[in-house]
Amino acid sequence: AGDSLTVWIGPRAQPIAAWRVTPDGRVDTVAASSPGRIRVPAVQTRLLGDRWIAQINLPESAFDEDAQLMLGLERTDADGVHSAWPRRMIPGQPEPGRLIITPDLYDNLRLPGS
């Protein structure tokens, strides 16, 4: 209870959309710069003992006109502790940074230090 993952799409400070996903598979829109422009993603979750996983199928409208995806993830655990990807958030930061993903280069994606 209380655990969630927030998926941020689009540029910081003006996200196209942000959705909060909970372990029971509920999806809530928490931010949208153009409501109605982007559909809520299809989500499937699975509980695995002391953890959970989510498969999130983003709609095509999550990609910009150059077929790139600006993606940030934020996890809030049951104690209210935040963690983020692709980098940590500083205290008071309202949303995570973004990584630009180009679908045709996705298989070559490597993060610094990996």
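Account for the side chain of D77, naming residues and giving values.
Position of D77 among the secondary structure elements: in the loop between strand 6 (69–76) and strand 7 (82–85). We note that D77 is buried and unpaired, the nearest opposite charge coming from R75 at a distance of 5.0 Å. A polar atom in the side chain of D77 sits 2.8 Å from the backbone nitrogen of D79. If near-sequence neighbours (up to four positions away) are discounted, D77 is found in contact with G2 and D3.

So what's going on with the environment of R39? Which residues, and what values?
By secondary structure assignment, the location of R39 is in the loop between strand 3 (27–32) and strand 4 (42–48). Given the relative accessible area of 57%, R39 is considered exposed. Apart from the residues lying within four places of it in its own chain, the contact partners of R39 are W19, P59 and S61.

Outline the pattern of salt bridges, listing residues and values.
Summed over all chains, the structure comprises four salt bridges. The closest approach of N and O atoms between D3 and R75, which form a salt bridge, is 2.9 Å. Placement of the pair is D3 in the segment before strand 1 (4–9) and R75 in strand 6, with a sequence separation of 72 residues. Given a relative accessible area of 11%, D3 falls into the buried group. For E95, the salt bridge goes to R98, with nearest N and O atoms at 2.6 Å. The exposure class assigned to E95 is buried, which follows from its relative accessible area of 9%. When its relative accessible area of 15% is taken as the criterion, R98 is described as buried.

Go over the nonpolar core, please, and point to the residues and values.
Within the largest apolar cluster, 15 residues are counted, with the highest numbers of intra-cluster contacts made by V7, I9, W19, I38, L69 and L71. Of all the secondary structure elements, the ones that give two or more residues to this core are strand 1, strand 2 (17–21), strand 6 and strand 8 (99–101). Ignoring sequence-local partners within four residues, the contact set of L71 consists of V7, W8, I9, W85, P86, G97, R98, L99 and I101.

Kindly report on unusual backbone geometry, identifying the contributing residues and their values.
Backbone torsion omega between W85 and P86 reads 20°, so that peptide bond is classified as cis. Within the secondary structure, P86 is located in the loop between strand 7 and strand 8. The phi torsion at A13 lies on the positive side, around 75°, for a residue other than glycine. Classification of A13 as exposed rests on a relative accessible area of 69%. Phi at A67 takes a positive value of approximately 65°, unusual for a residue other than glycine. Examined against the element boundaries, A67 turns out to sit in the loop between strand 5 (51–57) and strand 6.

About the cut-offs
Residues take numbers from 1 onward in each chain, read along the sequence in its written order. Local features are withheld for residues below a pLDDT of 70 in this predicted model, meaning they are given only at 70 or higher, and side-chain atom pairs are given and counted only at 80 or more; totals for whole chains, interfaces and linings count all residues. Hydrogens and water are ignored here; the side-chain numbers use all heavy atoms of the structure. The helix count covers DSSP runs of H or I at least four residues long, the strand count covers runs of E at least two residues long, and both are numbered beginning at the N terminus. For the exposure calls, accessible area comes from a 1.4 Å probe over protein chains only, and a residue counts as buried if that area is under 20% of its type's maximum, exposed if over 50%, partly exposed in between. Positive charge is attributed to Lys and Arg, negative charge to Asp and Glu, and no charge count is given to His or to the chain ends. Within this document, salt bridges are pairs made up of a side-chain nitrogen of Lys or Arg and a carboxyl oxygen of Asp or Glu, the two lying within 4 Å of each other. Two N or O atoms count as a polar contact when they lie within 3.5 Å, although within protein this holds only if one can serve as hydrogen donor and the other as acceptor, and sequence-adjacent residues are included solely when both atoms are side-chain atoms. Every residue pair with non-hydrogen atoms within 4.5 Å of one another is taken to be in contact. What makes a nonpolar core is a set of buried Ala, Val, Leu, Ile, Met, Phe, Trp, Tyr and Cys residues whose side-chain atoms join them at distances within 4.5 Å.

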